[in-house]
Structures are given as C-alpha cells and as structure tokens.
Amino acid sequence: MAFDTRLGLYDDPIPPEALKFINEVQNFFALSHKLIFSAVHRIAGPYIDTPLFKKFLKCGDTIFDIGQGFVEKKMMELKEMAEKGNDSSDNSQVVSVLTYLLTKEDLTPEEVNGHAIDVVANGVETTSITALWWLYNLARFPQVQEKVYQEIQSVVGIDGEVTPHNLAKLHYLKASLKESLR
C-alpha cells in the first residue's frame, strides 16, 4: 500500500531487496530502542558518533535508498502513462496514495518516500508490539494460554491449516488478543 507495489515477501524466493528493506526496518527499531535507553545518548545527546549511532544512521540510509527506488519506479510509470495520454492526476478516478502524493506536487519525491517509509515502519512496529504483548499476557496467565491452546486444537487440529474459515471460529483467541490490546 505504501509504495503501491508488492514487496514480494510471500514470493519464493523472496526478492533480496524486499528482505533487506524489512530487515533494515527491524534493525532500525532495535537500534533506536538501544539508542533511546543508552546512558551515553541520554546524557550527551544523540549526535555523538558512536558505532551504535553510525549503524543506526546506516540502517536509515538503506531504508531511504530502497524506498526511493520504489518512488522513482512509480514516477517513471506515471511519466509513461502521461506520455501515452493516461492522466493519473484526474481526481475522478481512484488512485493509490503514492500516486496521489506524487501527482499532487505539494511534496518532493523524498518527502513522499519518507511518508511511505513511515507507513511501512509503523505497520511493522505496531504488529510486532501487539504480538509481543499478547504473548507476554498469555505467559502471565497460563490458564488463558491453555484455553487458547485447547481452542486452537479443537478448531484447527494438530496439523491443520489456519484458514479464514477456521480463524473466524477462534472466539476465545480473539477475545484474549483484544484484552491484551485493551
């Protein structure tokens, strides 16, 4: 959604650029947490050239460069469409967020890239944090964990496949997840 293209994380094999992008987003968050809680950076500020800070900046640069490649690809597609007479800036048609931002011309391509990266990064961060809190709460309450396990066993089975159909039947699992979110 953010870059108006599939990254390919479900492809086999996964494209190296997509894997690198997601790994760098995860590294970026891990490093940002270390920097935030680092005594040196808490006392002296974030502008000290420590190895940790340099690694953090490198992750950010890699993420930005990969994102910029997606933005430039979309800009080329839009240019080709315009040359063929397909005007994507027409407000009467539905367009992707990326196309809208690029054709609106209020933002530079670099700013559009920054917004798209924020969307991807925030999706990664909120999903992982949600999963971690849910797992933490299941560990704190073994009786709930057991009930979730038993429900999964009865609906999905030991070697069963999770499908939208049987996922809809996991009411206690959903309730425990919602309780963790609350």
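Once a new chain begins, its residue numbering starts again from 1 and follows that chain's sequence as written. Side-chain atom pairs in this predicted model are given and counted only at pLDDT of 80 or more, local residue features only at pLDDT of at least 70, and totals for whole chains, interfaces and linings cover all residues. Neither water nor hydrogens contribute to the side-chain values; these are computed over all heavy atoms in the structure.

Q: Would you take a moment to explain the confidence of the model for the protein chain for this structure?
A: Across the protein chain, the average pLDDT comes to 83, with 88% of residues at or above 70. What pLDDT reports is the predictor's confidence in each residue, on a scale of 0 through 100. Starting at the N terminus, helices and strands are each numbered in turn, a helix being any DSSP run of H or I of at least four residues and a strand any DSSP run of E of at least two. Summarising per-element confidence for the protein chain, the mean pLDDT is lowest in helix H2 (residues 39-44) (54) and highest in helix H6 (residues 142-155) (93).

Q: Mind showing me how you'd approach the environment of His171 here?
A: Within the secondary structure, His171 sits in helix H8 (residues 171-181). Residue burial is assigned from relative accessible area. The probe radius is 1.4 Å, only protein chains are included, and a residue is buried under 20% of its type maximum, exposed over 50%, and partly exposed in between. Since its relative accessible area comes to 55%, His171 is described here as exposed. Considered as a pair, His171 and Val148 are 23 residues apart in the sequence and their alpha carbons are 9.2 Å apart.

Q: Before we go on, may I ask you to explain helix H5 (residues 109-140) in this structure?
A: Within an α-helix, residues lying three or four positions from one another point in the same direction, as the helix has 3.6 residues per turn. The length a helix should cover is 1.5 Å for every residue beyond the first. Between its first and last C-alpha atoms H5 spans 46 Å; for 32 residues at 1.5 Å apiece the expected length is 46 Å, and the two agree. Those residues of H5 not exposed but buried are Val112, Asn113, Ala116, Ile117, Val120, Ala121, Val124, Glu125, Trp134, Asn137 and Leu138.

Q: Explanation requested: the packing of H5 against H6 in the structure shown.
A: Helix axes are fitted to C-alpha atoms over the stretch in contact, other axes to C-alpha atoms as well, and angles between N-to-C directions run from 0 to 180 degrees. H6 packs onto H5 with a crossing angle of 110° between their chain directions and a minimal axis gap of 5 Å. Here H5 is positioned roughly perpendicular relative to H6, judged by the angle of their axes. Two secondary-structure elements touch here, H5 through Trp134, Leu138, Ala139 and Arg140 and H6 through Pro142, Val144, Gln145 and Val148. We call Asp, Glu, Lys and Arg charged. Ala, Val, Leu, Ile, Met, Phe, Trp, Tyr, Cys and Pro are nonpolar, and the rest, Gly among them, are polar. Its residues placed into classes, the contact of H5 with H6 shows six nonpolar, one polar and one charged. These descriptions rest on fixed angle ranges, namely under 35 degrees for roughly parallel, over 145 for roughly antiparallel, 65 to 115 for roughly perpendicular, and the rest for oblique. Two residues form a contact once any of their heavy atoms are found within 4.5 Å.

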